[in-house]
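Each chain, letter by letter, is given below.
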Amino acid sequence: MAKSLNEQAHSGIHGLHAYVPGKPIDDLKRELGLTSIIKLASNENPFGVAPAVKQAFAQFVGNGAHDLHRYPDGGGYALKQKIAARHDIEAERVTLGNGSNDVLELTARVFLGPGKNAVFSQYAFAVYPIVARAVNAETRMVPALGAGADMPYGHDLDAFLDHIDEDTGVVFIASPNNPTGTWLAPQAIEAFLDAVPPGVVVVLDEAYLEYQADSERPDSRQWLERYPNLIVTRTFSKIYGMAGLRVGYALTSTEVADWINRIRQPFNVNTVALYCAEAALTDEDFVTYSTQTNAVQRASLAGELEARGLICLPSQANFITFDCGRASTPLYQAMLHEGVIVRPLESYEMPEHLRVTVGSEEDNRVFLAALDAVLERE
Ligand SMILES: *Cc1c(COP(=O)(O)O)cnc(C)c1O
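Residues numbered from 1 in each chain as written. Predicted model: local features only at pLDDT ≥ 70, side-chain atom pairs only at ≥ 80, totals over all residues. Heavy atoms only, no water.

**Q** Any details on the sheet that holds strand 6 (residues 201–205)? Residues and values, ideally.
**A** Paired through their backbone hydrogen bonds, the strands of a sheet run either parallel or antiparallel. Reading across the sheet, the seven strands line up as 2-8-7-6-5-3-4 and stay open at both edges, with mixed pairing between neighbours. This sheet does not close on itself; its edge strands, each paired only once, are strand 2 (94–97) and strand 4 (138–142). Shown here is a sheet whose adjacent strand axes are inclined to one another by a mean of 20 degrees, direction ignored. Here strand 5 (residues 168–174) pairs with strand 6 via five bridges, running parallel. (Pairing = 2+ DSSP bridges. Helix = DSSP H or I, 4+ residues; strand = E, 2+ residues; numbered from the N terminus. Axes fitted to C-alpha atoms, helices over the stretch in contact; angles between N-to-C directions.)

Put into structure tokens, the structure is as follows:
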């Protein structure tokens, strides 16, 4: 008897559900016939694309986009040089990805597989279990800190150590973490790196690092010299407003970069994205504006939510996750009818929380008005 497709799909992914992204604006327009919609569901930069990127993009098009019939530079030479200079690291220790998610997946493909396990926190980024199970590795979810902890719902690094064994290939930690916004103290990360066996890869996902206060932000660059098993990931998606272009990167030891490059698709980052990311790195003004505005608006938004009796998780990111004290998916759905898209966290097993991206002052006003309208109708 021939096997069914169901049997052919490997056992690691049988229990997996497709990642549910934030609802696209066009979907909501189509479904509800709304014209004015704000999306605060995917932690995108509310100020759009960095001006230097827009300019580079226009320049690229203005030049007739003449090189698009050629393959991209598979080695990403020019961009890697600039990233390397910024972090004072050898260019060969920079690995580019089609978004940092690509780097997460490459890491799993190198260091995980059947018989191995990946360790990550409860309420951590949904992509970690996806990439681990895609290669048929076991996933070990470490219970998060409790709701009453100093860092509610945060990573419990001590508990991580109890979940690591000789079959552990990769540990994923995110600081700040999505969907919670919680973060880890630099000393805690360093102590953890000291305690983890040297053959276990530790991914430190720093997608939201730029949004952290200077006093909270770790200098992970120095750890890369001491821990050849450390992979630091960064992205252009959030702070540079380049989510649609897809560029991220890893900083690692030479050895890890070599392993990843052996399986990396040669042209994983496209020509336009490479070109625009180079320009992004010159736009310090936009980074400063985005981070400062985010900090002000985040504090203001948290204050407004708390004033409504909604408890916010501490956040050092560009979003706030808050406890609605009731099932949050109906609230999310009711807000869609108000033209506001936020993120329900049922899929993260936080059925009473919503995650809202910190928007511009005006976005946040519209969000709060929609929330009030919905809460009033309850
Ligand atoms: C948004 C996000 C990323 C970035 O993903 P890209 O593929 O670079 O767009 C990575 N990690 C976390 C935790 C995120 O929330």
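Following the structure, the description resumes.
**Q** Describe the environment of Pro114, and please don't skip the residues or the numbers.
**A** Following the sequence through the fold, Pro114 ends up in the loop between helix 5 (100–111) and strand 3 (117–121). Along the sequence, Pro114 and Asn136 sit 22 residues apart, while their C-alpha atoms lie 5.0 Å from each other. If near-sequence neighbours (up to four positions away) are discounted, Pro114 is found in contact with Val135 and Asn136. (Contact = heavy atoms within 4.5 Å.)

**Q** Report on the UniProt feature "domain: Aminotransferase class I/classII large" (unreviewed entry) in the protein, specifying residues and quantitative values.
**A** Sequence positions flagged by UniProt for "domain: Aminotransferase class I/classII large" (unreviewed entry) are, in local numbering, residues 36–371. Here residues 36–371 is 39% helix and 16% strand, with 16 Å between the C-alpha atoms at its ends. (UniProt positions renumbered as here; feature names shortened; annotations may be inferred.)

**Q** Pulling in residues and values, what's your account of the nonpolar core?
**A** Ranked by internal contacts, the top residues of the largest apolar core, which has 53 residues, are Leu79, Ile83, Ile173, Phe192, Leu230, Phe236 and Met242. No other element matches helix 11 (residues 271–280), which puts six residues into this core. Counting the residues that make up this core, at least three belong to each of domain 1 (8–39 + 284–377) and domain 2 (51–280). Every residue in contact with Phe192, bar those within four places of it in the chain, is listed here: Leu157, Phe160, Leu161, Ile164, Val171, Ile173 and Val202. In this structure, Val103, Ala108, Leu112 and Val201 belong to the second largest nonpolar core, which totals 33 residues. (Core = buried A, V, L, I, M, F, W, Y, C linked by side-chain atoms within 4.5 Å. Buried < 20%, exposed > 50% of the residue type's maximum accessible area, 1.4 Å probe, protein only. Domains from an automatic or database assignment.)

**Q** Account for the site of the ligand, with residues named and values stated.
**A** Every residue lining the ligand is accounted for by Gly99, Ser100, Asn101, Phe125, Asn178, Asp205, Ala207, Tyr208, Thr235, Ser237, Lys238 and Arg246. A distance of 2.7 Å separates an oxygen atom of the ligand from a polar side-chain atom of Asn178. Look at the ligand: alone it shows 390 Å² of surface, and the protein chains cover 94% of it. Considering only residue class, the shell around the ligand consists of three nonpolar, six polar and three charged. (Near = heavy atom within 4 Å. Polar contact = N/O pair within 3.5 Å; in protein donor to acceptor, adjacent residues only side chain to side chain. Areas by Shrake-Rupley, 256 points an atom, 1.4 Å probe, with all protein chains shown as cover. Nonpolar A, V, L, I, M, F, W, Y, C, P; charged D, E, K, R; others polar.)

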